[in-house]
Number of protein chains: 2
Amino acid sequence: MAAETPKNVGILALDIYFPPNAVQQEALEAHDGASKGKYTIGLGQDCMSFCSDVEDVISMSLTVVSTLLEKYGIDPKQIGRLEVGSETVIDKSKSIKTFLMQIFEKHGNTDIEGVDSTNACYGGTAALFNCVNWVESNSWDGRYGLVVCTDSAVYAEGPARPTGGAAAIAMLIGPDAPIAFESKLRGSHMSHVYDFYKPDLASEYPVVDGKLSQTCYLMALDTCYKNFCQKYEKHEGKPFALSDADYFVFHSPYNKLVQKSFARLVFSDFLRNPSSKDEVTKEKLGPFATLSDDESYQSRDLEKASQQVAKPLYDEKVQPSTLIPKQVGNMYTASIYAAFASLIHNKHSSLEGKRVILFSYGSGLTSTMFSLQLRETKHPFSLSNIAQVMDVAEKLKSRQEFPPEKFIETLKLMEHRYGAKDYVTSKDSSLLAPGTFYLTEVDTMYRRFYATKSSESNSTHAVNGVISNGH
Amino acid sequence: MAAETPKNVGILALDIYFPPNAVQQEALEAHDGASKGKYTIGLGQDCMSFCSDVEDVISMSLTVVSTLLEKYGIDPKQIGRLEVGSETVIDKSKSIKTFLMQIFEKHGNTDIEGVDSTNACYGGTAALFNCVNWVESNSWDGRYGLVVCTDSAVYAEGPARPTGGAAAIAMLIGPDAPIAFESKLRGSHMSHVYDFYKPDLASEYPVVDGKLSQTCYLMALDTCYKNFCQKYEKHEGKPFALSDADYFVFHSPYNKLVQKSFARLVFSDFLRNPSSKDEVTKEKLGPFATLSDDESYQSRDLEKASQQVAKPLYDEKVQPSTLIPKQVGNMYTASIYAAFASLIHNKHSSLEGKRVILFSYGSGLTSTMFSLQLRETKHPFSLSNIAQVMDVAEKLKSRQEFPPEKFIETLKLMEHRYGAKDYVTSKDSSLLAPGTFYLTEVDTMYRRFYATKSSESNSTHAVNGVISNGH
């Protein structure tokens, strides 16, 4: 029994999809009459992807699951568990996972556990933990797990609108992974707050208290870090230091918050053991050591000083994971894994032997800090192959830039379409890469129909929206 | 390491809560002008619990988690994972789990993994599997898991309305359990169908194709049973027979479907090995052996013949689990565990050494057949103590019966309240038992406030709805 225990369980393979429709943050600034740099420097964002009327969280997840299976040569029959994390609700009862079953049913595989996990941007992390635990449990049947994070982040007109984005990520789970979980090194913080939530069921837009949400994020980070350090010390027999991790990856609603978060971590680290720090750090951060927690979250001076102290470490340990979130925007559940994908894109096989620490946050709130060990493994499940398969640079480059007016017009259309029935979409697949799924119709019974862009330029392949009562 | 591996992981303790407001199915029949026996015999239902304006899935889950911890003497700090299964959406992003964190935060425990699992009535089973896997995984930290199923099933005026109900169930998870998982004995069937779903986001009511949903349920049962038998044979080295299980527990939207399901299982079992069956069974079921699957789902003659053949086995192996579902109605995610709770209520310590097979179904669809081994264990985690703590007979007896007019009036009020803000409830807690949570107010920001019925007759204890920005 002990001999069979799977080792180094984690992520074997990844793929990412984001819509080709994009708007530049600089253009949005100008359009919104915002001061120059408000979105690009103030938020730290460069560009934003958005779903046109033919894409949604279901089509994106169908696309990314299909491309992952194809590019890594995985037989759909080899999948024994499939879980989805999302906070973009199209149906309140029928899971996104059941839509994805279409891919597996045609190969005769319906024996696939797992459903959707929900809590804001944290659902993907919950799904990932569940899938890893499954492989390590008695109920594992030797097949792969598959985790999908899919979200479309859209906001009502106002200050939060430039923090949108859209993407889907698929992760294949199994033993002997290049991205292995250090499962004992994990600290969570869960709490009842109303920082960001979606109580207006008829609207796709959230209710957001931006300032509260930022404070909650930083408080959660502090508590997770404290819990993480305790567990590290318990299991490793020595205190945790930032130098024990090579990279830090954060849930990234906008890049500025990632900068603030890492600075907060540096400040927390200073407070844990001030005497071990260099003179410059002591001098800059020492004056803030006596602040209460509440005061410290509000202090602009501390924010500035800690970001300054953290800057060299940020450039080394954080910056390599910021590319996709800055370019695509907030992807909710996919956001942290898009950041992690950016790290693999930038560093690929040089990550072997490195430890990466991730911080996942979902408003409401749920949060966990956890640790991954990156390893040298064989093709196709190697870091260098993952980087090649994801092809991030090409995906970013081949997007089409739209003026803000077009972005806003799309959001207006989607406001009417949200929760609606009995309409056909533009069926315009011209921007989509071959193999991309897209929405063609929602019928009078709210049943959704998708097609896939064929490899020949303009022809498409219809996908049945229903199985038992065909349309 | 191997020595530490937790054994016999499963359910250590249970508690169930359902609202005290009830309506008799016989009275509903008369009120609806339905033929006599349409609901009581046609559906097989006796009575239905429903939430008044002061109860919802959040209040019910707060109640049942509190009572479970109290009655079994569990320190809230001992909980390391908390997961919720529900398909009753009050917020599309903020999980019910975060509301439950209020119970644990006041004891200083916020390091509790898990979120909400969603797919119709199957979410609770997904949460349960996740929690058991967690205990068996490397990330387990030695603490208890806690699974909560909470739902309020309400339907638009029409034939589905009498199939409503409401309840919450909490289950404590850990090793050395009286209710242990046989994790290798598990068959799933997942598929993309539109039998019951909730695409109209502004309404609490589902879109239901009753006939399709019943067929999907029976098809899923067949496929799960096939997969289950394959795994049984692989792991036990002999074919599965119905006599290898002492009890069968089904997801119970209405009792008639449970009767049909068990009859279907008996028919499947006959088809698997006709020669082993007695002459009466061969004579009655033989003529249907040549039907195609589709024909067999439609055949009323088969339905009648198989129910007749199955009757003695149904009375022995199924009937003891039907009490609460017949009395309370469909409880969605809680339904199958309410059926299981009925079995414990009826048979308590006589279940020691018995095998119970459960069939969980969620429209859309996701379904699993799985096996539990019931064991003799020590107080407080014993079958007899669970039966005593749940106190099902007293809970059923102390409900208050309302005329159908009052039930319908409540549903009308709740239609207006669904997704609404800025209102106060009746705050009428007169029917609630001491310790029961109830909704007092939803403010202009949609924030929800709950109180608990105090042990002194009419006084209550306010519970803060928010933590960071108090109300």
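The structure this text deals with has already been given above.
We now turn to the structure provided with this report.

### Examining the sheet that holds strand β2 (residues 21–24) of chain A
Residues and elements named next belong to chain A.
Then, in step 1: The strand order across the open sheet formed by 3 strands is β3-β2-β14, and the pairing between neighbours is mixed. The open sheet has two edge strands, β3 (47–49) and β14 (400–401), and neither has a second partner.
Then, in step 2: Both β2 and β3 contribute to a ladder of 3 bridges, which runs antiparallel. Paired with A22 across the bridge in β3 is S49.
Then, in step 3: Each of β2 and β3 is contacted by helix α1 (residues 25–32), which is oriented at about 60 degrees to β2, the strand it contacts most.

### With respect to the interface of chain A and chain B
For an interface, size is often stated in terms of accessible area lost upon the parts coming together.
Then, in step 1: On the side of chain B, 81 residues touch chain A, which itself brings 81 residues to the contact.
Then, in step 2: Contact with chain B buries area across many residues of chain A, yet K92(A), H192(A) and Y194(A) alone supply 13% of it, more than any other trio.
Then, in step 3: For the pair chain A and chain B, the interface holds 4 salt bridges.
Then, in step 4: In this structure, the salt-bridge partner of K231(A) is D111(B), at a minimum N-O distance of 2.9 Å.
Then, in step 5: Where chain A touches chain B, the interface holds 54 residue pairs in polar contact (both at pLDDT 80 or more).
Then, in step 6: If you list the elements that add at least two residues to the side of chain A that touches chain B, you get β4 (79–85), α4 (96–105), β5 (116–118), α5 (123–136), β8 (179–190), β9 (196–197) and α6 (210–236) of chain A.
Then, in step 7: No other element matches the 7 residues that β8(A) contributes to the side of chain A that touches chain B.
Then, in step 8: Of the residues belonging to the side of chain A that touches chain B, the class tally is 30 nonpolar, 29 polar and 22 charged.

### Describing the nonpolar core
Then, in step 1: One finds F340(A) and F340(B) to be the most contacted residues of the largest nonpolar core, which totals 198 residues.
Then, in step 2: Once residues lying within four places of it in the same chain are set aside, the contact partners of F340(B) are L14(B), I179(B), V249(B), V356(B), L358(B), L372(B) and L374(B).
Then, in step 3: In terms of nonpolar packing, the next biggest core, distinct from the first, is built from 54 residues, L43(A), Y205(A), L218(A) and F228(A) among them.

### Observations regarding the packing of aromatic side chains
We describe a pair of aromatic rings using the distance from one ring centre to the other and the angle between the two ring planes.
Residues and elements named next belong to chain A.
Then, in step 1: Within the structure shown, the criterion is met by 41 aromatic pairs over all chains.
Then, in step 2: With a centroid separation of 5.0 Å and an interplanar angle of 50 degrees, the aromatic rings of Y217 and Y361 are classed as tilted. Placement of Y217 in helix α6 and of Y361 in strand β12 (residues 355–362) is noted, with a sequence separation of 144 residues between them.
Then, in step 3: Of the residues examined, Y217 reaches a relative accessible area of 1% and is grouped as buried.
Then, in step 4: With relative accessibility at 2%, the residue Y361 sits in the buried group.

### Observations concerning the side chain of D111(B)
Then, in step 1: Position of D111(B) relative to the elements: it lies in the loop between α4 (96–105) and β5 (116–118).
Then, in step 2: We classify D111(B) as buried; its relative accessible area is 11%.
Then, in step 3: At a separation of 2.9 Å, a polar atom in the side chain of D111(B) contacts the side chain of K231(A).
Then, in step 4: The contacts of D111(B), once residues within four sequence positions are left out, are G187(A), S188(A), N227(A), K231(A), I79(B), G80(B) and R143(B).

### Examining the relation of the copies chain A and chain B
Then, in step 1: Rotating chain A by 180 degrees about the axis while translating it 0.0 Å along that axis superimposes it on chain B, leaving an RMSD of 0.0 Å. Given the turn and translation reported, the copies of this chain are related as if by a two-fold rotation axis.

### Observations concerning helix α12 (residues 335–347) of chain B
Residue and element names in this part refer to chain B.
Then, in step 1: End to end, α12 covers 18 Å across 13 residues, agreeing with the expected 18 Å (1.5 Å per residue, within 8%).
Then, in step 2: Taken across its 13 residues, α12 has 10 buried, putting it largely inside the fold.
Then, in step 3: Regarding α12, the residues found buried are S335, I336, Y337, A338, A339, F340, A341, S342, L343 and I344.
Then, in step 4: H348 sits one or two residues past α12 and shows a positive phi near 20 degrees.

### Let's talk about the pairing of strand β13 (residues 366–374) of chain B
All names here are of chain B.
Then, in step 1: Among the 9 residues that make up β13, 8 are buried, leaving the element largely enclosed by the rest of the structure.
Then, in step 2: Sheet analysis places strand β8 (residues 179–190) next to β13, joined by 8 bridges and oriented antiparallel. The partner of M190 across the bridge, within β13, is T366.
Then, in step 3: Relative to β13, strand β12 (residues 355–362) is paired through 8 bridges, and the arrangement is antiparallel.

### What to know about the packing of helix α3 (residues 57–71) of chain B against α4(B)
All names here are of chain B.
Then, in step 1: At a minimum axis distance of 10 Å, the contact between α3 and α4 shows a crossing angle of 40 degrees. Relative to α4, the element α3 is oriented oblique. Relative to α4, α3 is oriented so that their crossing is right-handed. Seen from α3, the contacting residues are V57, I58, S61, L62, V65, S66 and L69; seen from α4, they are I96, F99, L100, Q102, I103 and F104.

Conventions and cut-offs
- Residues numbered from 1 in each chain as written.
- Chains lettered and ligands numbered in written order.
- Predicted model: local features only at pLDDT ≥ 70, side-chain atom pairs only at ≥ 80, totals over all residues.
- Heavy atoms only, no water.
- Pairing = 2+ DSSP bridges.
- Helix = DSSP H or I, 4+ residues; strand = E, 2+ residues; numbered from the N terminus.
- Contact = heavy atoms within 4.5 Å.
- Axes fitted to C-alpha atoms, helices over the stretch in contact; angles between N-to-C directions.
- Buried area = accessible area lost by both parts, 1.4 Å probe.
- Salt bridge = Lys/Arg side-chain N within 4 Å of Asp/Glu carboxyl O.
- Polar contact = N/O pair within 3.5 Å; in protein donor to acceptor, adjacent residues only side chain to side chain.
- Nonpolar A, V, L, I, M, F, W, Y, C, P; charged D, E, K, R; others polar.
- Core = buried A, V, L, I, M, F, W, Y, C linked by side-chain atoms within 4.5 Å.
- Buried < 20%, exposed > 50% of the residue type's maximum accessible area, 1.4 Å probe, protein only.
- Phe/Tyr/Trp six-rings, centres within 6.5 Å; stacked < 30°, edge-to-face > 60°.
- Least-squares fit on C-alpha atoms with pLDDT ≥ 70 in both.
- Expected span 1.5 Å × (residues − 1).
- Parallel < 35°, antiparallel > 145°, perpendicular 65-115°, else oblique.
- Left-handed = near helix turned anticlockwise from the far one by under 90°.

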